[in-house]
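Below are the chains, spelled out letter by letter.
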Amino acid sequence: MASHGALCESCMLVPLDPRQLSEAKTRARGLFPRWPLGTAGRARASNCRFCQFVSAALYHYGRLRRIPPVAQDHEIELSWRNRFDIYSSFFLAAGTRNNPASLLTEFQLCFVRDPDSVDADDPTTYLTPDKGQKVNFRRVYGWIESCQRGHGRICNGGDTLTVGGREVSDGPNQIGDKYPGLRILRLIDVHDNCIIATVENVKYVALSYLWGLAVNFRLTTANYQDLVDRPGSLARYWSSLPRTIQDAVTFVRDMGERYLWCDALCLVQNNPQDVRSGLDVMDYIYERALFTIVGACGHDADAGLPGVLPGSRMCSTGIGDEIVPGVTLGLDIALDLCLRSSAYISRGWTFQEEMLSRRIVYFVDNKVYFRCRSSIEFEHGDPRPDGQLVFRKQQLYQIPAYSHILLVNPVRDFAEMVGLYSKRALTYQADALNAMRGIVRRVSDKMKCAFFEGIPTAAFDVFIIFRRSFGSQLRRRAAFPSYSWTGWMGALTIIQQDYGINPAQTLNDWLKTKTWIIWYTRSPDGSCALLWGPDAHHDFPWQDPSYVGYRTRSEFYLPDNPHLFILTDQTIPTAKFGQDKAVTDAPIRDYPLLQFWTLSVFFQLKDIDTQHATAHVWDPVKNGVCGYLYLDGLGDTQFYEAASDRNASTGSPRSFEMILLSSANVQTWWADAISRGERMGERFPLGPAYTAMVLEWMGNVAERRGLGLLLRSAVVHSLAPGPVWKEILLG
């Protein structure tokens, strides 16, 4: 064992000189030089400064990913490589003899040098030294200025946004021209220390942060006259403001800007109409901001923005561990890894605020990062003009949200965003749709169609096909319908089609040939309306195939069977359906129901797995598996607990009703499951199939209780009373 301050035998073999490392890489002829460092346990017990640095890096990795530390017996390997870029740095890998070492790509070990001592053509990634606890405001402003000058429309496209179907450019426009329905825009004037109400377009910074349990001072009707348009008025309330808002005001002032938008002080919090008007333009508020400050430290509004004030970040930023005299290393940690451990990304309201912002300055894990739609920067990152590391740029696309918001393929992108949003928590479940309202508006404009209960009506059949995500279980959100993703708490996945080269054409073909249900909506007063059609969507570009939507529909046909004949041409809703006395036994619903016709079948379930919320559908004729289901609401209902109960008249196990929604591609379901880290039931056979929804009836209204696949050949083997063409009222 090495003495303190010296290097161990393993680390002595690692060149700690960038020139020597570059030469070693050249000699490797396309491969990357590697050095085994022994087990993680050996490194933790060593007095070697390099081993201690590696151990600390592995500890930070586990802490940020919220996973157990690398096991003691795992072999650690160091390599010198360039990932996604010409610039090289150290990377770590960990594994066992039976499991090859996997590269830990979310952080790199870099040499620390003053930027003035680095040659422009040096192919090494460097970090700048830690020069104090305050944020380098000049450097942050340089990132923003560089983005404005050089990143083009992808980052500056918010300067020309679509409002009500027309393009509106930034300039001296009135607020109403750029924020539909908003009469005034309130902002914090950090120079005059008050809140202003303006009708003019001004440059401002937005704040996104966690309210949490901290006492958050708010603008209300009671203090409105004291605060708005009264210079100096905020000084009287300064001590009542949570620390994050105080620091944001200071940061904006130190950055040389004047105005700050913050929900607590710019919307009248006890005026529902004012709050609703703000929510309706939330996408424009964040996208039109010069940049957004994200306060991702701590758990509430008193966490502050570490680094804004002297002495406000006491912890080390991880920059500058001297390994041997004259050689200092630091950790360049990917932004998404830092965010992973933050409470900020666990909250529902912050999702659209972060995604809709063109530029963001993050305060997270006592570090400062900058993200726009083209690059990511780190306050201690390589400052060379061409040193904007693709290591960090690559992280843009490791969090899919930041590419999905561009809506290149709006159906796929919205489906992915719903999946990401569903992983987050809400204090008030009634906010499930409000917290996505800005994104919904943006997708609606892009697809040129209305939304119904959080679903784009032009591709309704796509978005009712969702299941719980791997490791999650879905629980009912009673204020919303069960047929929509809004009606469920828990991480979910919308099953997506194989989009191919031309996604719009592929989806239009799928809607035309693989779906048959004519959807009607039923309001609480009993009136019905067609969900999709020319009369309801007169602005939809019907003749333009680049837009996804229903044009013509196919009829449903049963698989060929000479002994079975069922009429399936009835699609118009029955006016009095569901209005008898039985419906009064159902829960009171404030949302619209779906009314439609489709095929209903009945099957028994086998192998119900309550841990993973799955089950097999059993074919009574072939005596084998004919379907695979993801079960919903296991924690809310006893619906599936009666699966083994026997029918009083037949003595057979209970059967469950399922309705057919659309034709399905089994391979697509398999590929989707595998890509998300899970496998469907190994006993499920391949073959033509339908997407099927399990129903539970409450009076004359049904609710979804599961979704999965049913083999087409098994439909004719349905237990009684199916198969039957049936009218459904779905809540």
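Criteria and thresholds
What you see as residue numbers is a count from 1 along each chain, following the sequence as written. Predicted model: local features are reported for residues with pLDDT of at least 70 only, side-chain atom pairs are reported and counted for 80 or more only, and whole-chain, interface and lining totals are derived from all residues. Neither water nor hydrogens contribute to the side-chain values; these are computed over all heavy atoms in the structure. Only DSSP runs of H or I reaching four residues or more are called helices, and only runs of E reaching two or more are called strands; each is numbered from the N terminus. A simple rule labels every residue: compare its accessible area, found with a 1.4 Å probe on the protein chains alone, to the largest value its type can have, and call it buried under 20%, exposed over 50%, or partly exposed in between. Residues count as neighbours in contact if any of their non-hydrogen atoms are within 4.5 Å of one another. Methods summary: accessible areas were calculated by the Shrake-Rupley approach with a probe of 1.4 Å, and residue burial reflects only the protein chains presented. Working definition: a ring pair exists when centres of Phe, Tyr or Trp rings (six-membered ring for Trp) sit within 6.5 Å. Plane angles under 30 degrees give stacked, over 60 give edge-to-face, the rest tilted. Geometrically, a charge over a ring is one whose NZ (Lys) or CZ (Arg) sits within 6 Å of the ring centre while staying within 35 degrees of the ring normal. Salt bridge, as used here: a side-chain nitrogen of Lys or Arg that lies within 4 Å of a carboxyl oxygen of Asp or Glu. Here a polar contact is recorded for every N or O atom pair within 3.5 Å, except that within protein the pair must consist of a potential hydrogen donor and a potential acceptor, and residues adjacent in sequence are included only if both atoms are side-chain atoms. At least two DSSP bridges between two strands are required for those strands to pair. Where helices are involved, their axes are fitted lines through C-alpha atoms of the stretch in contact, as for all axes, and angles between N-to-C directions lie from 0 to 180°.

## Structural notes on the overall build of the chain
Link 1 in the chain: Along the chain, the regular secondary structure elements total 22 helices and 33 strands.
Link 2 in the chain: Buried positions account for 56% of the 731 residues belonging to the chain.
Link 3 in the chain: The contacts of the chain with a sequence gap of at least 6 include a subset with a gap of at least 24, amounting to 70%.
Link 4 in the chain: Element-wise, carbon and sulfur atoms account for 51% of the exposed surface of the chain, whose accessible area totals about 31,000 Å².

## Brief notes about the packing of aromatic side chains
Link 1 in the chain: For the structure on display, the rule yields 34 aromatic pairs.
Link 2 in the chain: Plain terms: the ring middles of F50 and F90 are 6.1 Å apart, the flat faces sit at 65° to each other, and that makes the pair edge-to-face. Here the residue F50 occupies a position in helix α4 (residues 49–65), and F90 occupies one in strand β3 (residues 89–95), the gap between them amounting to 40 residues.
Link 3 in the chain: Owing to a relative accessible area of 0%, F50 belongs among the buried residues under this scheme.
Link 4 in the chain: Since its relative accessible area comes to 0%, F90 is described here as buried.
Link 5 in the chain: One cation-aromatic arrangement involves R476 over W488; the distance from NZ or CZ to the ring centre is 5.5 Å.
Link 6 in the chain: Across the ring face of W618, the terminal group of K606 is positioned such that the distance to the ring centre comes to 5.4 Å.

## A few points about the pattern of salt bridges
Link 1 in the chain: On inspection of all chains with the given rule, the structure shows 28 salt bridges.
Link 2 in the chain: E657 is the salt-bridge partner of K726, the closest N and O atoms lying 2.9 Å from each other. Taken together, the residues K726 in strand β33 (residues 724–730) and E657 in strand β30 (residues 656–664) connect sequence positions 69 residues apart.
Link 3 in the chain: K726 gets classed as partly exposed once you look at its relative accessible area, which sits at 25%.
Link 4 in the chain: It is possible to trace a salt-bridge network through shared partners that takes in D283, E287, R373, R441 and R442.

## A closer look at the side chain of R186
Link 1 in the chain: Counting through the fold element by element, R186 comes out in strand β9 (residues 185–189).
Link 2 in the chain: Given the relative accessible area of 8%, R186 is considered buried.
Link 3 in the chain: Polar contacts involving the side chain of R186 include one to the side chain of Y224, which spans 3.2 Å.
Link 4 in the chain: One polar contact links the side chain of R186 to the main-chain carbonyl oxygen of C266, over a distance of 3.1 Å.
Link 5 in the chain: The residues contacting R186, other than those within four sequence positions of it, are I195, I196, A197, L219, Y224, W261, C266, L267, V268 and D274.

## Here we look at the pairing of β9
Link 1 in the chain: Along β9, five of the five residues are buried, which leaves the element largely enclosed by surrounding structure.
Link 2 in the chain: Both β9 and strand β10 (residues 194–198) contribute to a ladder of five bridges, which runs antiparallel. Within β10, the position partnered with L187 by the bridge is I196.
Link 3 in the chain: Between β9 and β10, which pair antiparallel one after the other, the connecting turn spans four residues, and N193 there sits at a positive phi close to 55°.
Link 4 in the chain: Inspection of the sheet shows β9 paired to strand β12 (residues 259–261) by two bridges, in the antiparallel sense. Residue pairing across strands places I188 opposite L260, the latter belonging to β12.

## Some words on helix α19 (residues 437–447)
Link 1 in the chain: Considered for burial, the residues of α19 that qualify are G438, I439, V440, R442, V443, S444 and M447.
Link 2 in the chain: Immediately beyond the C-terminal end of α19, within one or two residues, lies K448, with a positive phi of roughly 55°.

## So, the side chain of E727
Link 1 in the chain: With respect to the helices and strands, the residue E727 is situated in strand β33.
Link 2 in the chain: At 2.7 Å, the side chain of E727 and the side chain of T574 are in polar contact.
Link 3 in the chain: There is a polar contact of 2.8 Å between the side chain of E727 and the side chain of Q595.
Link 4 in the chain: Discounting chain neighbours no more than four positions away, the residues touching E727 are P573, T574, F577, Q595, F596 and W597.

## So, the sheet that holds strand β13 (residues 292–295)
Link 1 in the chain: Read from one edge of the open sheet, eight strands run β10-β9-β12-β11-β13-β16-β17-β18, paired in mixed fashion. Where the open sheet ends on each side, the last strands, each with one partner, are β10 and β18 (376–378). Direction aside, the axes of adjacent strands within the sheet are offset by 30° on average.
Link 2 in the chain: Of the pairings in the sheet, the one linking strand β11 (residues 205–209) to β12 comprises two bridges and is parallel in character. From the neighbouring strand, V205 faces β12, where its bridge partner is L260.
Link 3 in the chain: Set on the sheet, helix α10 (residues 243–254) makes contact with β9, β11, β12, β13 and β16 (359–364); between it and β11 the angle comes to about 155°.
Link 4 in the chain: The strands that helix α15 (residues 349–356) touches are β11 and β16; relative to β11, the one it contacts most, it runs at about 145°.

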